[in-house]
Amino acid sequence: APRTVLISGCSSGIGLELAVQLAHDPKKRYQVVATMRDLGKKETLEAAAGEALGQTLTVAQLDVCSDESVAQCLSCIQGEVDVLVNNAGMGLVGPLEGLSLAAMQNVFDTNFFGAVRLVKAVLPGMKRRRQGHIVVISSVMGLQGVIFNDVYAASKFALEGFFESLAIQLLQFNIFISLVEPGPVVTEFEGKLLAQVSTAEFPGTDPETLHYFRDLYLPASRELFRSVGQSPQDVVQAIVNVISSARPPLRRQTNIRYSPLIMLKTVDSSGSLYVRTTHRLLFRCPRLLNLGLQCLSCGCLPTRVRPR
Ligand code: NAD
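Residues numbered from 1 in each chain as written. Predicted model: local features only at pLDDT ≥ 70, side-chain atom pairs only at ≥ 80, totals over all residues. Heavy atoms only, no water.

### Quick look at the overall build of the chain
Helix and strand content of the chain: 11 helices and seven strands. Here the C-alpha atoms of the chain give a radius of gyration of 20 Å, agreeing with the 19 Å that 2.2 N^0.38 yields for 308 residues. By its C-alpha atoms, the chain is 55 × 40 × 35 Å across when sized along the principal axes. Counting contacts in the chain only where the partners sit at least 6 residues apart, residues at least 24 apart contribute 75% of the total. Summed over all atoms, the accessible surface of the chain reaches about 15,000 Å², with 54% contributed by carbon and sulfur. Of the side-chain charges in the chain, 30 are positive and 26 negative, and the distance between the mean point of each set is 9 Å. (Helix = DSSP H or I, 4+ residues; strand = E, 2+ residues; numbered from the N terminus. Rg over C-alpha atoms; globule rule 2.2 N^0.38 Å. Contact = heavy atoms within 4.5 Å. Areas by Shrake-Rupley, 256 points an atom, 1.4 Å probe, with all protein chains shown as cover. Lys, Arg positive; Asp, Glu negative; His and termini not counted. Charge placed at Lys NZ, Arg CZ, Asp CG, Glu CD.)

Below, the structure written as structure tokens:
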């Protein structure tokens, strides 16, 4: 029988692409429940699903921030969820002083508690049947902090800690957990962030910090998306591999060009190599804007972390 896969946040980006790919699986291994907060946005997904719509793919309403919505969605699914993909998420960038606590809490409500809420709802069924797979779209920012992404990174770190802890218990129930960790992905995600930023005034932020944010960070970030950004299709291929794996990994990075940066944390457990290196990349290295992460192989880094 096909496995029922429930995915959150399918109106755009990675969620939409994943839903469509799984629904078109040549071996018909999946029955996809593609969910979104606002069904008014379902046209793009339905068009991309084509003849899979109503066959291997159904669309359902689900707001990960609402208990009622989650209960309502799960009650409509006949049978149980075999694979849960926690994909819904949002970003937040900017100097901390200029961001409201309410905006920060909204990020945690969506990225962290949204996933927790769904897991709580599907876990009893998975435990009873002693099978299941929970996939979480984390980020490389779940592994390393990034300047001006303090709260977003914190929400992804929270997911990493939560699901690594849960994985230990769930191994006993034959339930797998996989954290997928993409670098930049070219979706609406970045555009939404830039739109937020272009109108935000970040009240209470000093001019020096604002200058670093607007004139150093934003251009570098745009360049990073342009130079090493992956397509949603690339990321989805990695997620499909994880879902179809007999022994799914706990962690799966999708962008090999990030490995050197991540390694800095393992190489030096004090953490200062990572902090100093990324500080240097942004504030000191003139080649960053042109070369993105290739900068890791130029002369601006300490020799011992340069790839050979
Ligand atoms: P996206 O903005 O296209 O997709 C995010 C989706 O989540 C949207 O469809 C949005 O409507 C939905 N969503 C937000 N709040 C919701 C809620 N309360 N209930 C239900 N749905 C909600 O961007 P994307 O790049 O496809 O992002 C998908 C996931 O990938 C996110 O968790 C994001 O953090 C993660 N990610 C993205 C990138 C990137 O650079 N784009 C990198 C690493 C990780």
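Next comes the rest of the account.
### Describing the packing of aromatic side chains
By the definition in use, this model includes nine aromatic pairs. Taken together, a centroid distance of 5.1 Å and an interplanar angle of 75° make the contact between F148 and F213 edge-to-face. A residue pair is termed long-range when its members are at least 10 positions apart, and F148 in the loop between strand 5 (132-137) and helix 5 (150-171) and F213 in helix 7 (residues 207-228) qualify at 65 residues. As far as burial versus exposure is concerned, F148 and F213 are alike and both buried. Aromatic rings pair up to connect F112, F113, F162 and F163 into one cluster. Over the aromatic face of F173 sits the side chain of K127, whose NZ or CZ is 4.7 Å from the ring centroid. (Phe/Tyr/Trp six-rings, centres within 6.5 Å; stacked < 30°, edge-to-face > 60°. Buried < 20%, exposed > 50% of the residue type's maximum accessible area, 1.4 Å probe, protein only. Lys NZ or Arg CZ within 6 Å of the ring centre and 35° of its normal.)

### Looking at the sheet that holds strand 1 (residues 3-7)
Spatially, the seven strands line up as an open sheet ordered 3-2-1-4-5-6-7, and their pairing is parallel. The sheet is open, and its two edges are formed by strand 3 (57-61) and strand 7 (251-253), each paired on a single side. With direction set aside, neighbouring strand axes in the sheet form an average angle of 20°. Bridge count between strand 1 and strand 2 (residues 30-36): five bridges; the pairing is parallel. When the bridges of strand 2 are listed, T4 appears paired with Q31. Its contacts with the sheet put helix 4 (residues 101-129) on strand 1, strand 4 (83-86), strand 5 and strand 6 (175-181), and the angle it makes with strand 4 is roughly 175°. (Pairing = 2+ DSSP bridges. Axes fitted to C-alpha atoms, helices over the stretch in contact; angles between N-to-C directions.)

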